[in-house]
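A closer look at the structure
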Amino acid sequence: MHIFMSRNIKFLKIDNNYYMKMKNTIPSLILLLLSSALSYGIRNSRNPNASPKFSAILIFGDSTVDSGNNNYINTLFKADFYPYGQDFPGHISSGRFSNGKLVPDFIASKLGIKDTVPAFLDPKLAEKELLTGVSFASAGSGYDDVTSLAPNVIPFPKQVEMFKNYTSRLKGVIGEKEAANIIGDALLYVSAGTNDWIFSFYDLPTRRLEFDVHGYQDFLQNRITSFIKELYDLGCRTFIVNGLPPIGCLPIQIQAKLRNPKMSAGCLEDQNSDSQLYNTKLEKLLPQLQANLPGSEILYGDIYNSPLDMINNPKKYDFVDTKKSCCGGTELGLSFICEPKAPKCRNTSQFLFWDAIHPTQVVYEYLAKFLVEKHLSQVMY
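Notes on the structure in this doc start here.

What counts and how
- Residues numbered from 1 in each chain as written.
- Predicted model: local features only at pLDDT ≥ 70, side-chain atom pairs only at ≥ 80, totals over all residues.
- Heavy atoms only, no water.
- Helix = DSSP H or I, 4+ residues; strand = E, 2+ residues; numbered from the N terminus.
- 1 Å grid on protein atoms, 1.4 Å probe; cavity = no way out; pocket = protein on both sides within 12 Å on 5 of 7 lines; lining within 4 Å.
- Points joined across faces, edges and corners; volume = space filled by probe spheres on them.
- Nonpolar A, V, L, I, M, F, W, Y, C, P; charged D, E, K, R; others polar.
- Buried < 20%, exposed > 50% of the residue type's maximum accessible area, 1.4 Å probe, protein only.
- Pairing = 2+ DSSP bridges.
- Phe/Tyr/Trp six-rings, centres within 6.5 Å; stacked < 30°, edge-to-face > 60°.
- Salt bridge = Lys/Arg side-chain N within 4 Å of Asp/Glu carboxyl O.
- Disulfide = S-S within 2.5 Å.

Describing the environment of Gln86
- With respect to the helices and strands, the residue Gln86 is situated in the loop between β4 (57-61) and α2 (103-110).
- C-alpha separation for the pair Gln86 and Ser98, spaced twelve residues apart in sequence, amounts to 8.6 Å.

Notes on empty space enclosed by the protein
- Enumeration over the complete set of coordinates arrives at two cavities of 30 Å³ or more.
- Within this model, the largest cavity holds a volume of roughly 340 Å³.
- Taken together, 27 residues form the lining of the largest cavity, with Thr64, Pro245, Ile303, Ile357 and Pro359 sitting closest to its centre.
- Listed by contribution, the elements that provide at least two residues to the lining of the largest cavity are β5 (187-191), α7 (194-202), α11 (305-312), β9 (351-353) and α12 (361-374).
- Of the residues forming the lining of the largest cavity, the biggest block, three residues, is contributed by α12.
- Partitioned by chemical class, the residues of the lining of the largest cavity number 18 nonpolar, eight polar and one charged.

Focus: the pairing of β4
- In terms of burial, β4 is a largely internal element, five of the five residues being buried.
- Where burial is concerned, the two faces of β4 agree: the one with Ile57, Ile59 and Gly61 and the one with Leu58 and Phe60 are both buried.
- Examined bridge by bridge, β4 and β5 share five bridges and lie parallel to one another. Counted as the bridge partner of Ile57 is Leu187 from β5.

Examining the packing of aromatic side chains
- Under the definition given, this model contains 26 aromatic pairs.
- Ring plane angle 65° and centroid distance 6.4 Å describe the contact between Phe77 and Phe199, whose orientation is recorded as edge-to-face. Taken together, the residues Phe77 in the loop between β4 and α2 and Phe199 in helix α7 connect sequence positions 122 residues apart.
- For Phe77, a relative accessible area of 22% translates into the label partly exposed.
- When the centroid spacing of 6.0 Å and the interplanar angle of 90° are considered together, the rings of Phe136 and Phe163 count as edge-to-face. Separated by 27 residues along the polypeptide, Phe136 in the loop between α3 (127-132) and α4 (145-149) and Phe163 in helix α5 (residues 156-174) bring together distant segments of the chain.
- The class for Phe136 is buried, based on a relative accessible area of 0%.
- What makes Phe163 buried here is its relative accessible area of 1%.

Structural notes on the pattern of salt bridges
- For the structure shown, the criterion picks out eleven salt bridges.
- Between Glu161 and Lys164 there is a salt bridge, with its nearest N and O atoms 3.3 Å apart. Taken as a pair, Glu161 and Lys164 lie in helix α5 at a separation of three residues, close to a single helical turn.
- Judged by relative accessible area, which is 31%, Lys164 ranks as partly exposed.
- Here Glu210 ties to Arg207 by a salt bridge, and the two come within 2.7 Å at their closest N and O atoms.
- What makes Arg207 buried here is its relative accessible area of 12%.
- Taken together, the shared-partner salt bridges connect Asp144, Arg207 and Glu210 into one network.

What to know about the pairing of strand β7 (residues 297-301)
- When you tally the buried positions in β7, you get four out of five residues, the bulk of the element.
- Here strand β6 (residues 238-242) runs beside β7; their pairing, made up of five bridges, is parallel. Across the sheet, the residue bridging to Ile240 is Leu299, located in β7.

Regarding the state of the cysteines
- Taken as a whole, this structure holds three disulfides when the rule is applied.
- Across the disulfide from Cys326 sits Cys345; the S-S distance is 1.9 Å. One disulfide, between Cys326 and Cys345, carries an S-S torsion of -85° and so falls in the left-handed class. On the criterion of sequence distance, the pair formed by Cys326 in the loop between β8 (321-325) and β9 and Cys345 in the loop between β8 and β9 is long-range, its members being 19 residues apart.
- Cys326 sits in the buried class, given a relative accessible area of 4%.
- Since its relative accessible area comes to 15%, Cys345 is described here as buried.

Rendered as structure tokens:
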């Protein structure tokens, strides 16, 4: 239990929750403890697997984890219109590039932190949301700053600046010491890299003029190293860093290689091989990085094998189609995004892809479950 002052009001921290301290009477203390026990019981009855390990969840990355930051910047990369969000609570087009929730939302819920992770740039963001975490991610972003230039989205250095702003706001709400405690006990979820390969190497060969595949892999992972070290110096300690998905299976990539858009094709094995090699390097890099940052826990997040298993064994997951997108209406879902008037499938849970790049909510839920059970379980207890 921690006691701290904020705005001349005394608070107590119990089980990572904050309660206003009443007058110093025994009944008040009993009531306070009962309130804490009840709150904990409600959280864990909603999710029996909830863990008090993490105080908050902080998100960095691209469109797979952007919960709406791009709504508030000058870019065309937005998902603040229907049918995006058609299956989100309240049927709100929040800016998430899916029909519903994203992986961070499901992870936060499974860990007992919160039900959804809001965008940091949301002008209506409540102060209480700062206590349990936000997303700094931006659709279209990548580890390579070049990737963010053309779509005019938020590059990783700017996401770090947003985190610093978040830290200042958090200190203003609960004080410097407790803000440091929250940041030190938070889970940082990092997911990016796909845009770097699609928009800076494969489809728009900006970086291919400078690097071969191996050189670009190393370049990106050097950027990851610098990024994690910077956040470590700012007080962060626990990270999960995703590898790449099977990029060669994305409808947008298959489309780019086909001369006849009506022709069907399987995954692009050369791009999948590049993703696998990248992931192997990252999986070796992160423990080395952890060894050099005392007190850190830096996990690799595998988001390659589960989607590939879904593609290869659709019946296992009750999928009807794992190649074309739910929204788009063409053989391969050729639309880059899900346009409001585009034809849509009737049952989103039967499709792996929502649009030409992004999975459906059911896939994100599968991935979150896998990441919690396979990777985060290593540091939860």
